[in-house]
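# Inside the fold
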Amino acid sequence: MKAIAITGARVIDPDSGFDAMATVLLRDRFVAAVGDIAVPAGAEIIDATGLVLAPGLIDAGVFRAEPAACHAGGITRVVLMPDQRPPLDDPALVAFAQSMGKPGVWVHPLVAATRDLAGHELAEIGLGQAAGAVGAATGRSAIASSAVMHRLLAYSRAFDMTVVSHAEDAALTAGAVATEGAYATRLGLAAAPAFAESLAIARDIRLAEATGARLHLRQVTTAEGLELVRQAKARGLPISAGVTPAYWLLNETAVAEFRSFARLSPPLRSDEDRRAVEAAIGDGTISVIASGHDPRSQEKKRLPFADAWPGMAGAETLLALALSLVRNGTLSLAAALKTMTAAPAALFRLPGGTLAKGAPADIMLFDEHAPWRIAGDRFIGASNTPFDGIPVAGRVRMTIKGGEIVWRA
Amino acid sequence: MTNSPNLVTPAGAHPFPHSHLLGLAGLQPWEMLYLLDEAEQWVELNRGAGRQSGNGAGKHDNRLAGLTQINAFFENSTRTLLSFEIAGKRLGADVVNLGVSGSSVKKGETLLDTALTLSAMHPDVIVIRHGSSGAVQLIAEKMGCPVLNAGDGRHEHPTQALLDALTIRRRKGRIEGLTVAICGDILHSRVARSNFQLLAALGAKVRVVAPPTLLPPHVDQLGVDAYTSMDEGLKGVDVVMMLRLQTERMDGAYVPSTREYFRFFGLTEERLRHAAPGVLVMHPGPMNRGVEIDGSIADDIVRSAVTEQVEMGVAVRMACLDVLTRSRRGVAGWPPIGAAA
């Protein structure tokens, strides 16, 4: 296979801390060299002057792998939630899910933690891991029973698997579509208190501590919940937290006029919580940023607010929205990229997310400052975004997966 | 927020520059008053005194003749549907009712498809009730005609609040400066939410009285004072508005039992003594006697305005139907829809 030399870019490898103008040489689907190197004869040269080169993004938590949307967003690997039809609670389903994105996007499935994701009986997470699952997940909702959650976390230790939990108290949030507050009250929406999250987090952290399990809270969206994570990390527990862009960019006012595209799970929070999410990204309490890509048809979103399906398409906007954290000074560019590359790679022990010699040739080239306006109807993939019409900066110019150019813009 | 509301239409302002009536949030105080003023004439007509129309005698006016009014009720209703039907017929409209059982909703048609279907039949005004908050607004965006919200989920029920206001104004002579206590299941009530908007806008002081489990969170931020004791909440009030408590919410889900509820939150003769002399008692109906209200109070024609509320309902709905269809009837001074804000 022909070698590819990418020249003229600012190369950032958040894994090693490398950040300099350099040439990147790819050969045989792997990274061959990074630095001030001579371009070998016969190599295809890509001039990337003015662009930033980074490892392809690893999207740590999507509900569907849409290869085209991923490529447009610079995403080369996704961690797939087990909420599929049928749920990924069987090793054969896990194996199938793992194969379905290749070669364009590699899918790393999470096995369902309980059978049918019902929260009652443990699923075969050990066989799931053997079939390719990179962790076990509770799915869209929390496991209501503390006993089941306790056993799950204890059992996961036998396989040293990360358990991905949705932290919202199941009974408190039953039927709720918004966060309790003056806003939800005014609109007459069924609401759950924000502390439904911290209540669940407190339980899950305590159970993880008791069992020694590795716990990842997929979305932590409240000041109270984040404080619990901060304390747990300070105690040295193997606990991590993630978030998606909506929770540091939007607050409960986004549901005004019953905008069902802003119906998300967990529901959007108060502005105080929104600011706490931003601060927690800044201080490292939240270490993973994902898109939460959850395609919904217009028919499933254009319904009365409470009847609309939750979730947003996020793959194509992940990078641009994450770069807002760089512009407002929350994170350096390298640190922002790390939340979407090296951090999820380490959490789920994935190849990729690095430019180290011998790493898979998963590369993204982007123009950090290119302005554009988010328009759902111009998306390559699903269009259900709550950010429709919002101006952003940062555009993916090229995505390379395993040495193949899969996206160019 | 209850100080000196802006009750007078500013010079040059249109009295009602809206294509739909989706809620009272967003209406100016003088626009609410305009609808109340317009309703007064229909009270007279409905009582049989007015033979103002050239075409009919008694309780009839033909200004909506030739217009089609669809009452699309996606949630069961007897009183409101009947009230809107009578209102439309008294104005001469061709009124068609669509109930849940007769609709395609049960066959899996999406709400927007239903809206497009209704719109294609070229109604001139459509009245919608739906069990989901925000559903009426969603439909209104797809309709080419005025839409009247007859209740959406827990969100708003604007004509109910307007008829309550008309009842209060006729009985008390004013709304500004009165203290009104709304008692009962505030959490699930669209009537309460519309009344917060209207009463506060028109300068009344609003209290809510309910067990804490039936109070919406952060309700104080909506400009009302919350009480969990009836005796405290009723102290010195000019109007008591009781809300219906749904039976399915009394079996331990929100309150332990009907008898405990009545004991602490029911409106009794004794409790009513805490209110101001001449207190007016209201209820949107249907009443649960012995659950939220003592039968003898409900039947007291001096203090209870319950039947009057029903009467005002027809008049208010006639006013709303008239005002909202003016632009398509080409009434002078009412610009075509689209030109209005």
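Residues numbered from 1 in each chain as written. Chains lettered and ligands numbered in written order. Predicted model: local features only at pLDDT ≥ 70, side-chain atom pairs only at ≥ 80, totals over all residues. Heavy atoms only, no water.

Attention now moves to the interface of chain B and chain A. In this assembly, 18 residues from chain B lie in contact with 17 residues from chain A. If you sort the residues of chain B by the area they bury against chain A, Ser-133, Pro-217 and Leu-222 of chain B come out on top, with a joint share of 27%. Those elements that provide at least two residues to the side of chain B that touches chain A are helix H3 (111–120), helix H4 (135–140) and helix H6 (190–201) of chain B. At three residues, the largest contribution of residues to the side of chain B that touches chain A is made by H4 of chain B. (Contact = heavy atoms within 4.5 Å. Buried area = accessible area lost by both parts, 1.4 Å probe. Helix = DSSP H or I, 4+ residues; strand = E, 2+ residues; numbered from the N terminus.)

This part covers the sheet that holds strand S15 (residues 239–243) of chain A. All names here are of chain A. With parallel pairing, six strands are arranged side by side in an open sheet as S9-S10-S11-S14-S15-S16. Each edge of the open sheet is held by one strand with a lone partner, namely strand S9 (111–112) and strand S16 (288–289). Note that S15 and S16 share two bridges and pair parallel. Bridge pairing in S16 links Val-243 to Ile-289. Lying over the sheet, helix H7 (residues 195–211) contacts strand S11 (162–165), strand S14 (214–217) and S15, oriented at roughly 165° with respect to S14. (Pairing = 2+ DSSP bridges. Axes fitted to C-alpha atoms, helices over the stretch in contact; angles between N-to-C directions.)

Let's shift gears to the packing of aromatic side chains. A full pass over the atoms with the stated rule returns three aromatic pairs over all chains. Relative to Phe-159 of chain A, the ring of Tyr-155 of chain A lies with its centre 5.4 Å away and its plane at 70°, an arrangement referred to as edge-to-face. Judged by relative accessible area, which is 39%, Tyr-155 of chain A ranks as partly exposed. What makes Phe-159 of chain A partly exposed here is its relative accessible area of 27%. Summarising the aromatic geometry, the rings of Tyr-34 of chain B and Trp-334 of chain B are spaced 6.3 Å apart at their centres and angled 35° between planes, so their arrangement reads as tilted. (Phe/Tyr/Trp six-rings, centres within 6.5 Å; stacked < 30°, edge-to-face > 60°. Buried < 20%, exposed > 50% of the residue type's maximum accessible area, 1.4 Å probe, protein only.)

Another point: the sheet that holds strand S6 (residues 57–62) of chain A. All names here are of chain A. Judged by pairing direction, the sheet is parallel, and its three strands sit side by side in the order S6-S7-S8 without closing on themselves. Strands at the two margins of the open sheet, each flanked by one partner only, are S6 and strand S8 (106–109). Sheet twist, expressed as the mean angle between neighbouring strand axes with direction ignored, is 25°. Contacting strand S7 (75–80) and S8, helix H2 (residues 91–99) crosses the sheet at an angle of about 155° to S8.

Another point: the pairing of strand S1 (residues 68–73) of chain B. Residue and element names in this part refer to chain B. Buried residues dominate S1, accounting for five of its six residues. As judged from the six bridges shared by S1 and strand S2 (residues 94–99), these two strands associate in the parallel manner. Within S2, the position partnered with Gln-69 by the bridge is Val-95. A crossover connection joins S1 to the parallel S2 through helix H2 (residues 79–90); in handedness this β-α-β unit is right-handed. As judged from the five bridges shared by S1 and strand S3 (residues 125–130), these two strands associate in the parallel manner. Across the sheet, residue Asn-71 finds its bridge partner in S3, namely Val-127. (Right-handed = clockwise from strand over helix to strand, strands pointing away.)

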